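One-letter residues, chain by chain:
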Amino acid sequence: MAAPADISDYHAHVYYDAGSKPEAELLRAAFEERFPQATFGRWHDRPVGPHPDWSYQIAFEPALFAEIVPALALARGSLVIFVHPNTGDDLADHRDYAIWMGAVRPLNLAMFEK
């Protein structure tokens, strides 16, 4: 089991589809302005990696967790957001340490299994 000191950073994956992309765009614009120290990834208008839905990523340092995660919870509207730490164990990070806002979506974890 990992310890909090093992967390290098966090990823928040904002899930959307063609119908909810405008909502995802508004959320992203607000968070880019509010949290310039976070790193905002590319738009993926298709499932990528373990993610079953279209998504973009917000990467942030542990020191921002207490600000970003509650802000996402309050601002997400109808969007599903998946948050996980990065401890160096991709399988555990995505499976065991996951935080879901909204519906839990089925991840394709086979890519992380040894």
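The following refers to the structure shown. Positions within a chain are numbered from 1, following the residues in the order the chain's sequence is written. In keeping with the model being predicted, local features are shown solely for residues with a pLDDT of at least 70 and side-chain atom pairs are shown and tallied solely at 80 or more, while totals for entire chains, interfaces and linings include all residues. Computation of side-chain values: all heavy atoms of the structure, hydrogens and water removed.

1. Some words on the nonpolar core
In terms of nonpolar packing, the biggest core is built from 23 residues, with Val14, Leu27, Ile58, Phe60, Leu72, Ile81 and Val83 touching the most fellow members. A run of H or I in DSSP becomes a helix once it reaches four residues, and a run of E becomes a strand once it reaches two; helices and strands are each numbered from the N terminus. Mapped onto this core, the elements with two or more residues apiece are β1 (9-16), α1 (21-34), β3 (54-60), α2 (65-75) and β4 (80-86). Only buried residues count toward a nonpolar core. Its members are Ala, Val, Leu, Ile, Met, Phe, Trp, Tyr and Cys residues joined through side-chain atoms within 4.5 Å. Accessibility here uses a 1.4 Å probe with only protein chains present; expressed as a share of the type maximum, an area under 20% marks a residue as buried, one over 50% as exposed, and anything in between as partly exposed. Judged by nonpolar contacts, the second largest core, of 7 residues, contains Phe82, Leu91, Leu107 and Phe112.

2. Brief notes about the side chain of His11
The residue His11 is located in strand β1 in this model. Polar contacts, as counted here, are pairs of nitrogen or oxygen atoms within 3.5 Å of one another; within protein the pair requires one atom able to donate a hydrogen and one able to accept it, and residues that are adjacent in sequence qualify only if both atoms are side-chain atoms. Of note is the side chain of His11, whose polar atom sits 3.2 Å from the side chain of Gln57. A polar side-chain atom of His11 sits 3.2 Å from a polar atom in the side chain of Asn86. Excluding its chain neighbours within four sequence positions, the residues that come into contact with His11 are Gln57, Ile58, Ala59, Phe82, Val83, His84 and Asn86. It only takes one pair of heavy atoms within 4.5 Å for two residues to be counted as in contact.

3. A closer look at the pairing of β3
The buried count for β3 comes to 5 of 7 residues, which makes it a mostly enclosed element. Any two strands between which DSSP finds at least two bridges are classified as paired. Inspection of the sheet shows β1 paired to β3 by 7 bridges, in the antiparallel sense. If you follow Tyr10 over to β3, its bridge partner there is Phe60. Inspection of the sheet shows strand β2 (residues 39-40) paired to β3 by 2 bridges, in the antiparallel sense. Residue pairing for β3: Phe40 is matched across the bridge by Ile58.

4. With respect to the packing of aromatic side chains
Here the aromatic set is Phe, Tyr and Trp, taking the six-membered ring for Trp, and pairing holds for ring centres within 6.5 Å; pairs whose planes are under 30 degrees apart are stacked, those over 60 apart are edge-to-face, and all others are tilted. Within this structure, the stated rule accounts for 9 aromatic pairs. Summarising the aromatic geometry, the rings of Tyr10 and Phe65 are spaced 4.8 Å apart at their centres and angled 45° between planes, so their arrangement reads as tilted. Note that Tyr10 is positioned in strand β1 and Phe65 in helix α2, a separation of 55 residues in sequence. For Tyr10, a relative accessible area of 12% translates into the label buried.

5. Focus: the layout of surface pockets
In this analysis, the protein atoms alone were mapped onto a 1 Å grid. Cavities are point sets where a 1.4 Å probe fits without being able to get out; pockets are open sets with protein on both sides within 12 Å along at least five of seven lines; lining residues have an atom within 4 Å of a point. Grid points are joined across faces, edges and corners, and a volume is the space filled by probe spheres set on the points. Looking at the largest pocket, its volume works out to about 200 Å³. Forming the walls of the largest pocket are 13 residues, and the residues nearest its centre are His13, His44, Val48, His51 and Gln57. Looking at the lining of the largest pocket, the element that brings in the most residues is β3, giving 3 residues.

6. Some words on the pairing of β1
Consecutive side chains of a regular strand alternate in pointing toward one face of the sheet and then the other. Most of β1 is tucked away: 8 of the 8 residues are buried. Judged from the 7 bridges that link them, β1 and β4 form a sheet pairing that is antiparallel. Following the sheet pairing, Ala12 is matched in β4 by Val83.

7. Focus: the pattern of salt bridges
Criterion for a salt bridge: a side-chain nitrogen of Lys or Arg within 4 Å of a carboxyl oxygen of Asp or Glu. Tallied over the full model, the rule gives 4 salt bridges. The salt bridge involving Glu32 is made with Arg28; its shortest N-O contact spans 3.0 Å. Taken together, the residues span about one helical turn, with Glu32 and Arg28 both in helix α1 at a distance of 4 residues. Of the charged contacts in the structure, one is a salt bridge between Arg95 and Asp96, with a shortest N-O distance of 2.8 Å. Of the residues examined, Asp96 reaches a relative accessible area of 45% and is grouped as partly exposed.

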